[in-house]
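Below are the chains, spelled out letter by letter.
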Amino acid sequence: MATITKRFNRDGELIGWQAKIRRHGFPTQSKTFDRKTDADAWARSLEGEMDRGAFIDRRPAEQMTLADAIRHYLDAVAPTHKGADVEAARLGRFLREEPDLCRYALSNLRTHHIEDYRDRRLEAVAPGSLCREINLLHAVLESVRRRVGLVDNPVSHVRRPKVNDERDVRLSLDEEAQLLSALDATRNPWIKPFVIVALETAMRRGEMLALRWEHVDLVQQTAHLPETKNGKGRTVPLSSRAVKTLEALPRSIGGAVFPVSLDSLKHAWTRARDRAGLHHFHLHDLRHEATSRLAERGWNILELAAVTGHQDLQMLKRYTNLRAADLAKKMG
């Protein structure tokens, strides 16, 4: 049964109309409106849903903000993912830089709010980065949607920008020499060896940061990765240059081959890269370059996949941007 009552402030002034619904088998629902007609319409709508068996308790969605949902995801969901550190960095930035959006109650969050964010954010980041951010926000809301009674995820309907992440950036031997020379000025003793081993093995950044000495066999020239991005382990062959670099490394007490944090690696890389004048070359391009070099030595695509861990051969093809001049030599 719905009741509509007047609401007054301490001075006796009318401040609104409260609709309250009490019905057996349903949680009590109440909401205050500026106008009595709005209170009546809300009450009739909810009672209709109760009659049809379509009622959803919206109070949790009215009480939880987007910031609350993000914090829940960081506490309960992200730690179970391999990319937890990346998700934490993205969502941490979002909490700091989008306070107005984060204050929205989930019940009031609409698709156009996320689209406004998309349009503003595109001025600062590439479409691929933005798509990853939006997809992460979608995952955040999905993690609480059923709990708070959200009928629909407003991020589901956000149109993503067109992405063209394919890069054709190569590192010449002269540029490599410049880069390694710039890395000599880096105080962290593991950064330069990290770059050399990346260029020799085509391992992913995360795989190298997770690599432990117990999985490295310098005699057999292999490094075993028990768990990788695709969920399967693989063993990576080490070139003689990679072996020599690893042999010279100091051993960390914890057993990690490269005991550096992701942030430390990124900062050291950026400083050295900029000193070398290679502003266009990204950290991830090391994997691209390493795979391309292996392909230029005559490795076929299945051999490359065994080394790099790619399961999608079409995706692997993106990394093997061979120099036309080198291919011309094979043609005779």
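A brief report on the enclosed structure follows. In this text, all values refer to a predicted model and were calculated from it rather than measured experimentally. (Residues numbered from 1 in each chain as written. Predicted model: local features only at pLDDT ≥ 70, side-chain atom pairs only at ≥ 80, totals over all residues. Heavy atoms only, no water.)

1. What about helix 8 (residues 173–183)?
Part 1: For helix 8, the full list of buried residues reads Glu-175, Glu-176, Leu-179, Leu-180, Ala-182 and Leu-183. Around the axis of helix 8, the buried residues are gathered within 160° of arc, so they sit on the same side. Residues of helix 8 that are exposed and angled more than 90 degrees away from the buried face: Leu-173 and Asp-174.
Part 2: Against the buried residues of helix 8 lie helix 9 (191–201), helix 11 (240–247), helix 12 (262–275) and helix 13 (285–296). (Buried < 20%, exposed > 50% of the residue type's maximum accessible area, 1.4 Å probe, protein only. Helix = DSSP H or I, 4+ residues; strand = E, 2+ residues; numbered from the N terminus. Arc of directions from axis to C-beta. Contact = heavy atoms within 4.5 Å.)

2. With respect to unusual backbone geometry
Part 1: One non-glycine residue, Ala-202, lies in positive phi territory at about 65°.
Part 2: Along the chain, Ala-202 turns up in the loop between helix 9 and helix 10 (205–210).
Part 3: The buried category is assigned to Ala-202, whose relative accessible area is 0%.
Part 4: At Gln-221, a position not held by glycine, the phi torsion is positive, near 60°.
Part 5: As for its position among the elements, Gln-221 is in the loop between strand 4 (216–217) and strand 5 (222–225).
Part 6: Given a relative accessible area of 32%, Gln-221 falls into the partly exposed group.

3. A look at the packing of aromatic side chains
Part 1: Inspection of every chain in the model, using the stated rule, returns 3 aromatic pairs.
Part 2: Measuring from centroid to centroid gives 5.3 Å for Phe-194 and Phe-258, while their planes differ by 75°, and the two rings are edge-to-face. Highlighted residues: Phe-194 in helix 9 and Phe-258 in the loop between helix 11 and helix 12, separated in sequence by 64 residues. Comparing Phe-194 with Phe-258, the two get one shared label, buried.
Part 3: Ring geometry for Trp-269 against Phe-281: centres 6.2 Å apart, planes inclined by 45°, an arrangement best described as tilted. A residue pair is termed long-range when its members are at least 10 positions apart, and Trp-269 in helix 12 and Phe-281 in the loop between helix 12 and helix 13 qualify at 12 residues. Phe-281 matches Trp-269 in its accessibility class, with the two residues each being buried.
Part 4: One Lys or Arg, Arg-251, reaches over the ring of Trp-213 and ends 3.6 Å from the middle of that ring. (Phe/Tyr/Trp six-rings, centres within 6.5 Å; stacked < 30°, edge-to-face > 60°. Lys NZ or Arg CZ within 6 Å of the ring centre and 35° of its normal.)

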